Amino acid sequence: MTTRARTTTVSWTRANARRLDRQSLSGSTPPAGAAVHDATGAVATMLGAHAQVLSAAELSAGLRAPGVTRTDVRTALWTDRTLVKTFGPRGTVHLLPADELPMWTGALSAVPTGTGPFSKDARMTPDQVEAVLAAVTDALTGAELTVDELSDEVIARTGPWAGDLVMPAFQGMWPRWRQVLHLAGHRGALCYAPNRGRKATYTNPGTTPMPGPEATAALVRRYLRAYGPATPVHFAQWLAAPRGWAGQLFDGLARAGAIEEVDFEGCGAAWVEAGDTLFPSAAPRGVRLLPYFDAFSIASRPRELLFPGAAYTRALAGGQAGNFPVLLVDGTVAGVWHQRRSGKRIAVTVEPLSPLDAGRTRALEEQVEVLGEVLEGTPELTIGKVTVGGHA
């Protein structure tokens, strides 16, 4: 990694304050032109909303954009098509802005892949992978297919080998070709379409990926604006990419003058976008609720500073963020929470790790009201022990 003189020293408090500001999570007035006004803008600021559970993505977006509801997110996704549901960072389902899909697919396609977790008998050759990807592209162009319908089309276009039941699944075995389903999303050949009843469907988004070097450079700059200062290891962990590849990527951008090195508390050498060295002077203040796998919880590093003390044990699952919805107090994790919906009623239980004073209790009550507005329900707050486990 190229070493340069570090002219800026950044404390954790100031870095955390800037990250919160840039995601409209601080409660302060964003700089002119930086305010988030709609669901698509909110998703863009966080670099994708984790959408394995769609209600969590809806809440992540709504909490960043005042007045945005789950209906607004669904309208952006299925009617206006300004959002796309597809396989994003770490191979997990995300909402991504449609106009950023060329960058995302170009960058994700450029990430080196290993042999995968599948047994030797289940794997496909490189030629078979490309044949399946071509079949998926062709089958989904102008169509919306369930996974079973897509499976029939892929097998018909490639051969019986693609349908061999060799992949362990939840209640049986999946056909061989499905091991590259997320890769088809990364290549821009596949995204989700509206459900058909209770079944998910897929379509071809019709996007052309940006060239890999251009796309990865753009993604690093976007990542550093949202979550910097950060190291190549942080970026690799966020993207589920090889660390060596990420280090080479940062090194090339540093030589090109696109990023610059700073001294970051808890990390030493870290990076920001070139010239992006202004940070708030005031420490974060306020109370926030963030849902499962919220992008801020996942991407903010060092994790031990975002999850200080007892929060590291209570709000993480073996060091993994996102399994528990979290309570932020003054910018750091200070508890967990859970919601249970029954019709319009939303029972919200919040477990602070230390008692909240009257002012913070009022702020929490206000956050719960906002949660109800986003999810279009009637919330009822209980402050007490959360008894369910992670990702419940």
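Anyway, here's the lowdown on the structure attached to this text. This one's a predicted model, so the numbers in the text were calculated from it and none came from an experiment.

Notes on the overall build of the chain
And then number 1: Looking only at helices and strands, the chain has 15 helices and 16 strands in total.
And then number 2: For the chain, the C-alpha radius of gyration of 22 Å lies close to 21 Å, the compact-globule estimate for 392 residues.
And then number 3: Taken along the three principal axes of its C-alpha coordinates, the chain extends 65 × 55 × 40 Å.
And then number 4: Expressed as a percentage of the 392 residues in the chain, the buried residues total 51%.
And then number 5: Considering only contacts within the chain whose residues lie at least 6 apart along the sequence, 64% involve residues at least 24 apart.
And then number 6: Once the 38 positive and 36 negative side-chain charges of the chain are each reduced to a mean point, those two points are 4 Å apart.

Structural notes on the environment of Asn323
And then number 1: Summarising the element assignment, Asn323 is placed in the loop between helix 14 (310–314) and strand 13 (326–329).
And then number 2: Residues Asn323 and Phe293, spaced 30 residues apart in sequence, show a C-alpha to C-alpha distance of 6.4 Å.
And then number 3: Those residues in contact with Asn323 that sit more than four places away from it in its chain are Tyr292, Phe293, Ala317, Gly390 and His391.

A short note on the sheet that holds strand 1 (residues 9–10)
In a beta sheet, neighbouring strands are held together by backbone hydrogen bonds and run either parallel or antiparallel to one another.
And then number 1: Spatially, the 3 strands line up as an open sheet ordered 1-10-11, and their pairing is mixed. Of all the strands in the sheet, just strand 1 and strand 11 (268–273) have a single pairing partner and so form its edges.
And then number 2: Along the sheet, helix 9 (residues 212–227) contacts strand 10 (259–264) and strand 11; its crossing angle with strand 11, the most-contacted strand, is approximately 110 degrees.

Considering the packing of aromatic side chains
And then number 1: Within the structure shown, the criterion is met by 8 aromatic pairs.
And then number 2: Arranged with centres 5.9 Å apart and planes meeting at 45 degrees, the rings of Phe87 and Tyr192 form a pair that is tilted. One end of the pair, Phe87, is in strand 3 (residues 83–87); the other, Tyr192, is in strand 8 (residues 191–196), with 105 residues separating them in the sequence.
And then number 3: With relative accessibility at 10%, the residue Phe87 sits in the buried group.
And then number 4: Judged by its relative accessible area of 13%, Tyr192 is buried.
And then number 5: The interplanar angle of 55 degrees and the centroid separation of 5.7 Å between the aromatic rings of Phe235 and Phe250 together place this pair among those described as tilted.

With respect to the pairing of strand 10
And then number 1: Relative to strand 10, strand 1 runs parallel, the two sharing 2 bridges. Pairing of Thr9 across the sheet is with Asp263, part of strand 10.
And then number 2: As paired elements, strand 10 and strand 11 share 6 bridges and run antiparallel to each other. Pairing of Phe264 across the sheet is with Gly268, part of strand 11.
And then number 3: Adjacent in sequence and paired antiparallel, strand 10 and strand 11 are bridged by 3 residues, among which Gly266 carries a positive phi angle near 90 degrees.

Considerations on the environment of Leu25
And then number 1: Note that Leu25 resides in the loop between helix 1 (12–22) and helix 2 (39–45).
And then number 2: When the C-alpha atoms of Leu25 and Ala254 are compared, they prove to be 30 Å apart, with 229 residues separating the residues in sequence.
And then number 3: Not counting chain neighbours up to four residues away, the residues in contact with Leu25 comprise Leu20, Leu63, Arg64, Arg288, Leu290 and Phe296.

Examining the environment of Pro302
And then number 1: Along the chain, Pro302 turns up in the loop between helix 12 (295–299) and helix 13 (303–306).
And then number 2: Under the relative-accessibility criterion, Pro302 is labelled buried at 5%.
And then number 3: Through-space distance from the C-alpha of Pro302 to that of Gly114 is 27 Å; in sequence the pair is 188 residues apart.
And then number 4: Those residues in contact with Pro302 that lie beyond four places of it in its chain are Trp12, Phe264, Glu265, Gly266 and Cys267.

Overview of the layout of surface pockets
And then number 1: Taken as a whole, the largest pocket encloses approximately 1,400 Å³ of empty space.
And then number 2: Looking at the largest pocket, it is lined by 44 residues, and the ones nearest its centre are Gln179, Val180, Leu181, His182 and Leu183.
And then number 3: Counting residues per element, the ones that place at least two in the lining of the largest pocket are strand 3, helix 5 (101–110), helix 6 (126–140), helix 8 (181–186), strand 8 and strand 9 (199–203).
And then number 4: With 4 residues, helix 8 is the largest single contributor of residues to the lining of the largest pocket.

Digging into the nonpolar core
Nonpolar side chains tend to gather and get buried jointly when the protein is soluble and globular.
And then number 1: Residues Phe235 and Trp238 are the most contacted members of the largest nonpolar core, which totals 104 residues.
And then number 2: With 9 residues, the top contributor of residues to this core is helix 9.
And then number 3: With 16 residues, the next largest nonpolar core counts Leu63, Val329, Ile346 and Val348 among its residues.

Looking at helix 15 (residues 358–375)
And then number 1: Its 18 residues place the ends of helix 15 26 Å apart at the C-alpha level, agreeing with the 26 Å of an ideal helix rising 1.5 Å per residue.
And then number 2: Among all positions of helix 15, only Leu364, Gln367, Val368, Leu371, Gly372, Val374 and Leu375 are buried. All buried residues of helix 15 lie within an arc of 160 degrees about the axis, which places them on one face of the element. Residues Glu366 and Glu373 are exposed on helix 15 and point more than 90 degrees away from its buried face.
And then number 3: One side-chain oxygen of the residue at the start of helix 15 lies 3.3 Å from the amide nitrogen of Gly359, identifying that residue as Asp357.
And then number 4: Looking one or two residues beyond helix 15, the residue adopting positive phi is Glu376, at roughly 55 degrees.

Conventions and cut-offs
Residues numbered from 1 in each chain as written. Predicted model: local features only at pLDDT ≥ 70, side-chain atom pairs only at ≥ 80, totals over all residues. Heavy atoms only, no water. Helix = DSSP H or I, 4+ residues; strand = E, 2+ residues; numbered from the N terminus. Rg over C-alpha atoms; globule rule 2.2 N^0.38 Å. Buried < 20%, exposed > 50% of the residue type's maximum accessible area, 1.4 Å probe, protein only. Contact = heavy atoms within 4.5 Å. Lys, Arg positive; Asp, Glu negative; His and termini not counted. Charge placed at Lys NZ, Arg CZ, Asp CG, Glu CD. Pairing = 2+ DSSP bridges. Axes fitted to C-alpha atoms, helices over the stretch in contact; angles between N-to-C directions. Phe/Tyr/Trp six-rings, centres within 6.5 Å; stacked < 30°, edge-to-face > 60°. 1 Å grid on protein atoms, 1.4 Å probe; cavity = no way out; pocket = protein on both sides within 12 Å on 5 of 7 lines; lining within 4 Å. Points joined across faces, edges and corners; volume = space filled by probe spheres on them. Core = buried A, V, L, I, M, F, W, Y, C linked by side-chain atoms within 4.5 Å. Expected span 1.5 Å × (residues − 1). Arc of directions from axis to C-beta. Polar contact = N/O pair within 3.5 Å; in protein donor to acceptor, adjacent residues only side chain to side chain.

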